[in-house]
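The primary structure of each chain is shown beneath.
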Amino acid sequence: MSIGSNIKTLRVERHLTQEQVADMTGVTFQAVSSWERDEYKPDIEKLIALAGLFDVTLSALTEERPASVRPKEAVFDWEHMKTYVKTTAKRLNFVDTLKAIDFASEAHEGQNRKKSEIPYIYHPLNLACHALSMNIEDDAVLAACLLHDVIEDCNKRPEELPVSEEVRELVILLSHSKTTPENRDRVMQEYYASISQNPKASLIKCIDRCNNITTMASGLRRERIWRMIIETERYYPELLKVIKSVPEYNNAAWLLKYQIESMLEIYKRLM
């Protein structure tokens, strides 16, 4: 694909008109139209402005993009995952997980993942399936995976959660108050310090970060991706150590370390 095709594709993906792109980059809409038709190429100043507007690298604008390559919205079907988690919970007689899956589904009703049409419940279900794929068959862990965002994102109170006290405590540990640029470092330090005192909370948080890292390219702006990379390298080695200290979590610790660090290296190279 040419520079013009890349500009048009990125503009359409972000639901912008040629007039809006023109206004945001300080040119006429005729100029944008001529770029997209490959009649003229933007100068370097305008390419930088376009990269900032579309939140991509300059190479994303200037290099060929195979037309046949299209990212998937989701890797797995959330309804299939829900059936799998429920079936497994019934087989293992996991009372908290069965209560949690219905509560989380209702709490997240109407919410979508960032910049997508994917129902938000896809995310906690992914965590639960990820845990099961690593042979983590623990009622409290699975239930907390499903409920880990309901306090932060759904305004639910801990006492509303229809689960055991252990699961409530895990969900409280995995929730933090809203941050500002001024207090974020302090809040995050306290947050991760608290999580590191509990191996199950550390395990869930690392699974959560794995899922968030794999989807952040489509949901976060470049500055937020950098912040996620820096935060992960700062706090997650300690959580992985805590997980590894539990013999039954040894295999999970190895796999999570591999997944997190591999994804970070891919992002750093692409960024």
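For the structure, see preceding data.
Summarised in this report is the structure supplied together with it. In this text the structure is predicted, and so the values were computed from the model without any measurement. (Residues numbered from 1 in each chain as written. Predicted model: local features only at pLDDT ≥ 70, side-chain atom pairs only at ≥ 80, totals over all residues. Heavy atoms only, no water.)

### A closer look at the overall build of the chain
- Of regular secondary structure, the chain possesses 15 helices and zero strands.
- Projected onto the principal axes, the alpha-carbon positions of the chain cover approximately 65 × 35 × 35 Å.
- Of all 271 residues assigned to the chain, the portion counted as buried reaches 48%.
- Computing the positive centroid from 36 side-chain charges and the negative centroid from 41, the chain places the two 2 Å apart. (Helix = DSSP H or I, 4+ residues; strand = E, 2+ residues; numbered from the N terminus. Buried < 20%, exposed > 50% of the residue type's maximum accessible area, 1.4 Å probe, protein only. Lys, Arg positive; Asp, Glu negative; His and termini not counted. Charge placed at Lys NZ, Arg CZ, Asp CG, Glu CD.)

### Points about the packing of aromatic side chains
- All chains considered together, the criterion is met by four aromatic pairs.
- Look at Y192 and Y236: their rings are 5.4 Å apart centre to centre, the planes differ by 70°, and that puts the pair in the edge-to-face class. Note that Y192 is positioned in helix α12 (residues 184-195) and Y236 in helix α14 (residues 222-244), a separation of 44 residues in sequence. As far as burial versus exposure is concerned, Y192 and Y236 are alike and both buried.
- Consider the rings of W254 and Y258, whose centres lie 5.7 Å apart with planes at 5°: the pair is stacked. (Phe/Tyr/Trp six-rings, centres within 6.5 Å; stacked < 30°, edge-to-face > 60°.)

### Structural notes on a positive patch on the surface
- Taken together, K114, K178, R224 and R227 make up a surface patch of like positive charges.
- Here R227 shows up in helix α14.
- Looking at R227, the relative accessible area reads 34%, which means it is partly exposed. (Patch = residues over 30% accessible without salt bridge, like charges linked within 9 Å, V, L, I, M, F, W, Y side chains within 5 Å. Areas by Shrake-Rupley, 256 points an atom, 1.4 Å probe, with all protein chains shown as cover. Salt bridge = Lys/Arg side-chain N within 4 Å of Asp/Glu carboxyl O.)

### Re the nonpolar core
- L147, L203 and L256 are the most contacted members of the largest nonpolar core, which has 68 residues in total.
- One finds I7, V21, W35 and L50 within the second-largest nonpolar core, a separate group that totals 15 residues. (Core = buried A, V, L, I, M, F, W, Y, C linked by side-chain atoms within 4.5 Å.)

### Here we look at unusual backbone geometry
- Even without being glycine, H15 reaches a positive phi, approximately 55°.
- If you trace the backbone, H15 turns up in the loop between α1 (3-13) and α2 (18-25).
- Not every positive phi belongs to a glycine, and N93 is a case in point at roughly 55°.
- One can find N93 in the loop between α6 (78-92) and α7 (95-107).

### A few points about the pattern of salt bridges
- Scanning all chains against the criterion turns up 20 salt bridges.
- One salt bridge in this structure joins R14 and E13, with 3.4 Å as the shortest N-O distance.
- We classify E13 as partly exposed; its relative accessible area is 45%.
- For R91, the salt bridge is made with E137, and the minimal N-O distance between the two is 3.9 Å. Taken together, the residues span a long stretch of sequence, with R91 in helix α6 and E137 in the loop between α8 (122-133) and α9 (139-147) at a distance of 46 residues.
- A relative accessible area of 58% places R91 in the exposed class.
- On the basis of relative accessibility, which here comes to 45%, the residue E137 falls in the partly exposed class.
- Via salt bridges that share partners, E233, E265, K268 and R269 belong to a single interconnected network.

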